[in-house]
Amino acid sequence: MNPILKYLKNVFATKRVLGDDPTLTGLVKADALLQDMFASDKFPGLAITVLKEGKTIFQKGYGYTDIDKKHYVDPKNSIFRIASVSKPIAATALAHMVQEGVISLDESFYTYLPNYPKKKWDFTIRQLASHTAGIRVYKGKEFALNKPFGIKDSLSILENDPLVFKPGTEYLYNSFDWVMISAAMQEASGIPFEEYVQKTVLNPLGMQKTFCPERHLDTDLRGAGTDVNDIATSKEQNQVTTFYTRGVTGFRKAVPVDNFYKLAGGGYLSTSEDVAKFGKAFLDRKVDIDDAVLNQFLTAQQVNGNSTYYGLGWQVSEDAKGRKFFGHVGSGIGGYSNFFVYPKEQLVFSILVNSTDPKIQEDLDVVIDSFFDEVDS
């Protein structure tokens, strides 16, 4: 969107919620916006964590993890579907694998899965990671698939479909790219994708409340260091939210889905605090990846001389006021997420909602922008 138009939309969104009250700024303004959004039934539940220079400057829950039971959101413990915010997590694991020499970004996908049906053109891991490989988007009900696929098995969903363009000539965002990458990572390393991510990303960064999809949650809690006898207690403390979709009369429970097969592209569950912790690790340079490797992931790719505003598993762009960030927006069945890291301002934003796209991004943009009042004052 044109930056001027985006800025004006933000201004109008602010006026719609707050009117012309000039006294509301910074954290107070953000809180007022979010309270008004919940009161206006714009989401069932929302958790937000904001860090500045590594310290939490704002953390709060709004609404419910479960509407019927009236369980309130806790940003430290309420577990949401983070949708495509899973991609930066998967990308960080891929960067580790690249650094270890286990997989090469510029190697053909067929090097790792030689039996995958051949397409008209070859394509690389880098092209998959940057959404320039020509892999198609979801068809029909695939967005809400509820089948217990393994990662490799799930490639059957699209294995007979042609590429939609010659790799490297266009950009087409989709989650299948990262399903394919995770399959290649498993084959290259001989380690299940989720175990490799746990070992190289989640454990080292202390992300103890980031899990695989629900059917794996008990196993995840054990893997995170929880004694088997304490699993019930841990699940109660780390409350998995109920997932909703907006209907004509309000929010209703979302259709059941099984997101394990697309773990890398949109399957993880987490808390807003854990996602913020992930962003903090990049600002604190606690991610044990060489700059030469990491910079490839956090640099926007070019297609035909034009920026895609996307790196390798990361959105790499700027907001309406020209402030540079990297991160990701996520949208899936029963979950919506914003994850942004602003290096210059040393800000990390993590916002999770337990609803299929509630159409509140313009409002969230205003919420995020209000925190810069604190930075600039």
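Residues numbered from 1 in each chain as written. Predicted model: local features only at pLDDT ≥ 70, side-chain atom pairs only at ≥ 80, totals over all residues. Heavy atoms only, no water.

Some details on empty space enclosed by the protein
Test applied: Buried and open spaces are told apart on a 1 Å grid over the protein atoms alone, a cavity being a set of points where a 1.4 Å probe fits but cannot get out and a pocket being an open set with protein on both sides within 12 Å along at least five of seven lines. Residues with an atom within 4 Å of a point are the lining residues. Grid points are joined across faces, edges and corners, and a volume is the space filled by probe spheres set on the points. For this classification, Asp, Glu, Lys and Arg are treated as charged, while Ala, Val, Leu, Ile, Met, Phe, Trp, Tyr, Cys and Pro are nonpolar and the rest, including Gly, are polar.
Applying the stated criterion across every chain yields a total of two cavities of 30 Å³ or more. Reported here for the largest cavity is a volume of approximately 40 Å³. As for the largest cavity, its lining consists of Tyr116, Lys119, Gly134, Ile135, Arg136, Leu158, Asp161, Pro162 and Leu163. Its residues assigned to classes, the lining of the largest cavity comprises five nonpolar, one polar and three charged. Considering the residues around the second largest cavity, the lining is formed by Leu51, Glu53, Gly54, Lys280, Leu283, Asp284, Gln346 and Val348.

Thoughts on the environment of lysine 199
For clarity, the cut-off: Counting from the N terminus, the helices are the DSSP runs of H or I reaching at least four residues and the strands are the DSSP runs of E reaching at least two.
Within the fold, lysine 199 resides in helix 6 (residues 193-202). Between the C-alpha atoms of lysine 199 and alanine 93, which are 106 residues apart in sequence, the distance is 9.0 Å.

With respect to the environment of valine 293
In plain terms, the rule: By definition in these notes, contact holds between two residues if any of their heavy atoms fall within 4.5 Å.
Tracing the backbone through its elements, the reader meets valine 293 in helix 11 (residues 291-297). When the C-alpha positions of valine 293 and glutamine 99 are compared, they lie 6.7 Å apart, and in sequence the two are 194 residues distant. Not counting residues up to four positions away in its chain, the partners in contact with valine 293 are Ala95, Val98 and Gln99.

With respect to the layout of surface pockets
The calculated volume of the second largest pocket comes to roughly 250 Å³. In this structure, the second largest pocket is lined by Phe282, Leu283, Arg285, Val287, Ile289, Asp291, Leu294, Asn295, Leu298, Phe326 and Pro343. Elements that contribute at least two residues to the lining of the second largest pocket include exactly helix 10 (272-283) and helix 11. Among the elements that take part in the lining of the second largest pocket, helix 11 stands out by supplying three residues, more than any other. The residue makeup of the lining of the second largest pocket, split by class, is eight nonpolar, one polar and two charged.

Section: the packing of helix 5 (residues 176-189) against helix 6
Defined as follows: Angles shown run from 0 to 180 degrees and are taken between the N-to-C directions of axes, each axis being a line fitted to C-alpha atoms and, for helices, limited to the stretch in contact. Our angle categories are set so that under 35 degrees counts as roughly parallel, over 145 as roughly antiparallel, 65 to 115 as roughly perpendicular, and the remainder as oblique.
Contact pair helix 5 / helix 6: the axes reach a minimum separation of 9 Å and the direction vectors enclose 80°. In terms of their interaxial angle, helix 5 and helix 6 are classed as roughly perpendicular. In this structure, helix 5 contributes Ser182, Met185 and Gln186 to the contact, and helix 6 contributes Phe193, Glu194 and Tyr196. Here the contact of helix 5 with helix 6 is built from residues that sort into three nonpolar, two polar and one charged.

Section: the nonpolar core
To be explicit about the condition: What is meant by a nonpolar core is a set of buried Ala, Val, Leu, Ile, Met, Phe, Trp, Tyr and Cys residues, joined one to another through side-chain atoms within 4.5 Å. Accessibility here uses a 1.4 Å probe with only protein chains present; expressed as a share of the type maximum, an area under 20% marks a residue as buried, one over 50% as exposed, and anything in between as partly exposed.
Residues Leu94, Phe109 and Phe297 are the most contacted members of the largest nonpolar core, which totals 75 residues. Residues in contact with phenylalanine 297, not counting those within four places in the same chain, are Ala91, Leu94, Ala95, Val98, Leu105, Gly311, Leu312, Trp314 and Val316. Counting residues in each nonpolar core, the second largest holds 25 residues, with Leu34, Met37, Phe58 and Ile368 among its members.

Regarding the packing of helix 2 (residues 26-39) against helix 12 (residues 361-370)
So the rule is basically this: Here a crossing is called left-handed whenever its near helix is offset anticlockwise from the far helix by less than a right angle, and right-handed whenever the offset is clockwise.
As a packed pair, helix 2 and helix 12 sit with axes 8 Å apart at the nearest point and diverge in direction by 160°. Between helix 2 and helix 12, the crossing angle belongs to the class labelled roughly antiparallel. Relative to helix 12, helix 2 is oriented so that their crossing is left-handed. Residues Gly26, Lys29, Ala30, Leu33, Leu34 and Met37 of helix 2 form the contact with helix 12, whose own contacting residues are Asp363, Leu364, Val366, Val367 and Ser370. Along the lines of polarity and charge, the residues of the contact of helix 2 with helix 12 split into seven nonpolar, two polar and two charged.

Observations concerning the packing of aromatic side chains
How we decide: Any two rings among Phe, Tyr and Trp, with Trp reduced to its six-membered ring, count as a pair given centres within 6.5 Å; such a pair is stacked if its planes are under 30 degrees apart, edge-to-face if over 60, and tilted if neither. The rule for a charge over a ring is simple: NZ of Lys or CZ of Arg within 6 Å of the ring centre, and within 35 degrees of the ring normal.
Per the stated rule, a full pass over the model turns up 27 aromatic pairs. Ring centres of phenylalanine 109 and phenylalanine 123 lie 5.5 Å apart, and the angle between their planes is 20°; on these two criteria the pair is classed as stacked. In this pair, phenylalanine 109 sits in the loop between helix 3 (86-99) and helix 4 (125-129) while phenylalanine 123 sits in the loop between helix 3 and helix 4, placing the two residues 14 residues apart along the sequence. As far as burial versus exposure is concerned, phenylalanine 109 and phenylalanine 123 are alike and both buried. Grouped by ring-pair contacts, the aromatic residues Phe58, Phe325, Phe340, Tyr342, Phe349, Phe371 and Phe372 constitute a single cluster. Sitting over the ring of tyrosine 64, lysine 70 keeps its end group 5.3 Å from the ring centre. Geometry around phenylalanine 372 places arginine 323 over its ring, the cationic atom sitting 3.6 Å from the centre.

Things to note about helix 2
Threshold: A helix is expected to span 1.5 Å multiplied by its residue count minus one.
The end-to-end C-alpha separation of helix 2 is 20 Å, in line with the 20 Å expected for 14 residues at 1.5 Å each. Considered for burial, the residues of helix 2 that qualify are Gly26, Lys29, Ala30, Asp31, Leu33, Leu34 and Met37. Phi turns positive one or two residues past the end of helix 2, at aspartate 41, with a value near 60°.

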